[in-house]
Amino acid sequence: MIRRQELSYMNALACLAVILIHVLSLGISTLMPGTWQSVVVYLPWRLAAFVVPMFLYTGAVKLSMQFSGKALTFGEYLHYCLRRIRKIYLPYVLWVVIYYLAFWVIHYVRGEVGEFFSYLLIGNLSSPFYYIVIVMQFYFLLPVWLWMVRRLSPLVGLSLSLLVVLVVQQLPALLPFPYYDRIFPTYLLFWTAGLYVGRYYRQAIRPLRGGWNLAVAGMGALLCAGLACWQYSAGQWLFNLDPIKLCADLLSIFFIHALCLTLTSAPQWVQQMLEWLSERSFFVYLSHCLFLTLVTAFLQNRGVSAVGPLLLARFVVCYTLPFLCYWIYQKITHRLPFLKGLLG
């Protein structure tokens, strides 16, 4: 499979955006809607809310390109699943253990075996973990996706996926199940889009190279985020935000994809920085909320309650310590190579 720089750059930018989402989440939960402070926090938070769909999209693009034109044997499927477990799920398990022990020390969890395995299964111990639960479902269904892109046209495949997503969006009102955000049909459209883009990559990226398409996608995403921000500030929910978010996420993904195609011609130092971020993105994705939670608890226990200082501290810590932690991890694995890859 040909390595596509732009896909690595997309993951790098998504990593930065997901940190921003979690840093700003405190402001979303504490600031009064309608104040200028809440708008300043809410708009970038909403604009960055496409990152998990984009991680799924880029993962599907890579998967489709990897298996394009190949007949998948059972042995190859088993080998693929075992590799995904080793590279994705095992680091997740180890980070859940680390988080759980840290949260037990600060009395955020009870320290019970049943509680731990519930968090591990559902992925709700910390905000980033639900993505792992979702993406592993997609990985295990690999034969389904290969059949779909080979037998169904993009129009049919995408239409069926959209239908499934729209149905799932209506289910919470009918069936009281609290974990719809952790089942793969909720995100099927983004995955399917990635599969077909990967299958027909050269044709698919041609429209993304146009400057007008980049501008229209960006303005569309900004418009959707602005509408959501207005409803949040006014407290008047005139529109169902689920389909609006669906459109905003797709437009944001295509905007970032187009942007990263442009960045493949950027100065060398920019490309090196993005590659540097991409290499660390999975480790940082899994680890950053540990630092975020601990610094927030530390400051709040010492009487710091103002949102501004807390947000600043969360921002500084989350954009520095996870990367420092990865550097230390690299030094350790250089001396103990068998530990490489265990934490992402």
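The structure reproduced in this document is the subject of the present report.

Conventions we followed
Residues numbered from 1 in each chain as written. Predicted model: local features only at pLDDT ≥ 70, side-chain atom pairs only at ≥ 80, totals over all residues. Heavy atoms only, no water. 1 Å grid on protein atoms, 1.4 Å probe; cavity = no way out; pocket = protein on both sides within 12 Å on 5 of 7 lines; lining within 4 Å. Points joined across faces, edges and corners; volume = space filled by probe spheres on them. Helix = DSSP H or I, 4+ residues; strand = E, 2+ residues; numbered from the N terminus. Nonpolar A, V, L, I, M, F, W, Y, C, P; charged D, E, K, R; others polar. Salt bridge = Lys/Arg side-chain N within 4 Å of Asp/Glu carboxyl O. Buried < 20%, exposed > 50% of the residue type's maximum accessible area, 1.4 Å probe, protein only.

Its boundaries defined by the atoms lining it, the largest pocket holds a volume of some 1,400 Å³. Elements with a minimum of two residues in the lining of the largest pocket: helix H1 (5-30), helix H3 (51-66), helix H4 (74-105), helix H6 (130-140), helix H13 (268-301) and helix H15 (321-335). The class makeup of the residues in the lining of the largest pocket is 18 nonpolar, 12 polar and 10 charged. When its volume is computed, the second largest pocket comes out at roughly 760 Å³. Around the second largest pocket, the lining comprises 33 residues; the ones closest to its centre are Ala49, Tyr130, Asp181, Tyr187 and Lys245. Within the residue set of the lining of the second largest pocket, elements represented by two or more residues are H1, H3, helix H8 (154-170), helix H12 (241-263) and H13. Here the lining of the second largest pocket gets five residues from one element, more than from any other, and that element is H12. Taken together, the residues that form the lining of the second largest pocket break down as 21 nonpolar, seven polar and five charged.

This part is about the pattern of salt bridges. One pass over the structure, following the stated rule, counts five salt bridges. Across the salt bridge formed by Glu112 and Arg110, the nearest N and O atoms sit 3.3 Å from each other. Given a relative accessible area of 40%, Glu112 falls into the partly exposed group. A residue is classified by how much of its surface remains accessible, and Arg110, at 57% relative accessible area, is exposed. Two residues, Arg110 and Glu115, come together in a salt bridge whose shortest N-O distance is 3.7 Å. If you follow the salt bridges from partner to partner, you end up with Arg110, Glu112 and Glu115 in one network.

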